[in-house]
Amino acid sequence: MDPNAPIARDVRDIAQRLIAKVDVVETALAQEHGVQPAHFARDFQWEVNVIPSDQANAFCLPGGKLAVYTGLVPVARTRDAMAVVMGHEIAHALLRHGAQRMAQQKLTQIGQVAGAASGMDAQQQQMMMSAMGYRYLLPYARSHETQADEVGLMLAAAACFDPREAVPLWQRMGQASGGQAPPEFASTHPNPGTRIQNLQALMPKALEYRQKFCEQAK
């Protein structure tokens, strides 16, 4: 969209506030886990755009290319909820989930080649790949979503947004999907109920981050 459109300006403003808190949140979370922060984002060339689309979605590519679809606006409803979604997508880039997914896809391709080389027929290869997906690849992808939920929630809180908006947001996201989501074991994302439970468990910590890092809250 035109970068001067009101929606585009609003999304950029939210993004700038989130990006400004990346370093402090990454450092705080790393300290909690007893590791050194990687600070990959210090080399990012951030770019924020809004894309006209009915999809209620957003994404952040490696390197900091962040985009929000206009279809997300009526589902998010508030700047706080939009910040939760955008923080989640930024977290995927910070955690290098894209690179890890590519590595998993490469392993899957190797598995397919190995299956063919071992003399498996097409049906046997399909059964093997389905088993790999349910037992390993899908849970691995869901763990990425859960990690991004935590980091994104802390980013939104530190940037002075209300993390409590995450719960009604995901309730609306579940309603927007029309209940058509696959069972959790067959999905790359946690189902909305599981996600809401995880977010509710994280809420005290998120409110602590808001108190600690949001200057407006002091």
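Provided above is the structure to which this section pertains.
In what follows, the accompanying structure is described. Along each chain, residue indices are assigned from 1 in the same order as the chain's sequence is written. Only residues with pLDDT of 70 or above have their local features reported here, since the model is predicted, and side-chain atom pairs are shown and tallied only from 80 upward, although totals for entire chains, interfaces and linings are computed over all residues. To get the side-chain values, all heavy atoms of the structure are used, and hydrogens and water are removed first.

### Concerning the state of the cysteines
Throughout, a disulfide means two cysteine sulfur atoms within 2.5 Å of one another. Enumeration over the complete set of coordinates arrives at one disulfide. Here Cys160 is linked by a disulfide to Cys214, with a sulfur-sulfur distance of 2.1 Å. The chirality of the disulfide connecting Cys160 with Cys214 is right-handed, given an S-S dihedral of about 115°. Of this pair, Cys160 sits in the loop between α6 (122–158) and α7 (166–176) while Cys214 sits in the segment after α8 (192–213), and the two are 54 residues apart along the sequence. Counting from the N terminus, the helices are DSSP H or I runs at least four residues long and the strands are E runs at least two residues long.

### With respect to the sheet that holds strand β3 (residues 65–69)
The three strands are arranged β1-β3-β2 in an open sheet whose pairing can be described as mixed. On the outer flanks of this sheet lie β1 (47–51) and β2 (58–61), each paired with one strand and no other. Across the sheet, the axes of successive neighbouring strands diverge by a mean angle of 15°, strand direction being ignored. Strands are treated as partners if at least two bridges between them are detected by DSSP. In this sheet, β3 lies alongside β2 in antiparallel orientation, the contact comprising four bridges. If you follow Phe59 over to β3, its bridge partner there is Ala67. Any two residues whose heavy atoms approach within 4.5 Å are treated as being in contact. As a rule, the C-alpha atoms of each element are fitted with a line to give its axis, helices using only the stretch in contact, and angles between N-to-C directions run from 0 to 180 degrees. Helix-sheet contacts for helix α1 (residues 6–20) involve β1 and β3, and the interaxial angle to β1 is about 145°. Here helix α4 (residues 79–94) sits on the sheet in contact with β2 and β3, set at roughly 30° to β2.

### A closer look at the pairing of β3
Most of β3 is tucked away: four of the five residues are buried. Note: β1 against β3, five bridges, orientation parallel. Directly across from Asn49, in β3, lies its bridge partner Ala67. Connecting the antiparallel pair β2 and β3 is a turn made up of three residues, with Gly63 showing a positive phi of about 100°. Remark: exposure states derive from per-residue accessible area (1.4 Å probe, protein chains only) relative to the maximum for the residue type, with buried under 20%, exposed over 50%, and partly exposed in between.

### Some details on the environment of Glu150
On the secondary structure map, Glu150 appears in helix α6. In this structure, the C-alpha to C-alpha distance between Glu150 and Leu202, residues 52 residues apart in sequence, is 7.1 Å.

### Brief notes about the pattern of salt bridges
We define a salt bridge as a contact between a side-chain nitrogen of Lys or Arg and a carboxyl oxygen of Asp or Glu at a distance within 4 Å. The full count for this structure, using the stated rule, is 10 salt bridges. The closest approach of N and O atoms between Asp13 and Arg79, which form a salt bridge, is 2.6 Å. One end of the pair, Asp13, is in helix α1; the other, Arg79, is in helix α4, and 66 residues separate them in sequence. Using a relative accessible area of 30% as the deciding quantity, one classes Arg79 as partly exposed. Measuring nitrogen to oxygen at the nearest pair gives 3.2 Å for the salt bridge that ties Glu215 to Lys21.

### Re the packing of α4 against α7
Two packed helices can be described by the angle between their axes and the distance between those axes. Here α4 crosses α7 at 80°, and the two axes come no closer than 9 Å. If you check the angle between α4 and α7, you find them roughly perpendicular. Within the contact between the two elements, α4 uses Ala81, Val84 and Val85 and α7 uses Ala166, Leu169 and Arg172. Put simply, Ala, Val, Leu, Ile, Met, Phe, Trp, Tyr, Cys and Pro go in the nonpolar bin, Asp, Glu, Lys and Arg in the charged bin, and everything else, Gly too, in the polar bin. A class-by-class count of the residues in the contact of α4 with α7 yields five nonpolar, no polar and one charged. When describing relative orientation, an angle under 35 degrees is termed roughly parallel and one over 145 degrees roughly antiparallel, while 65 to 115 degrees is termed roughly perpendicular and anything else oblique.

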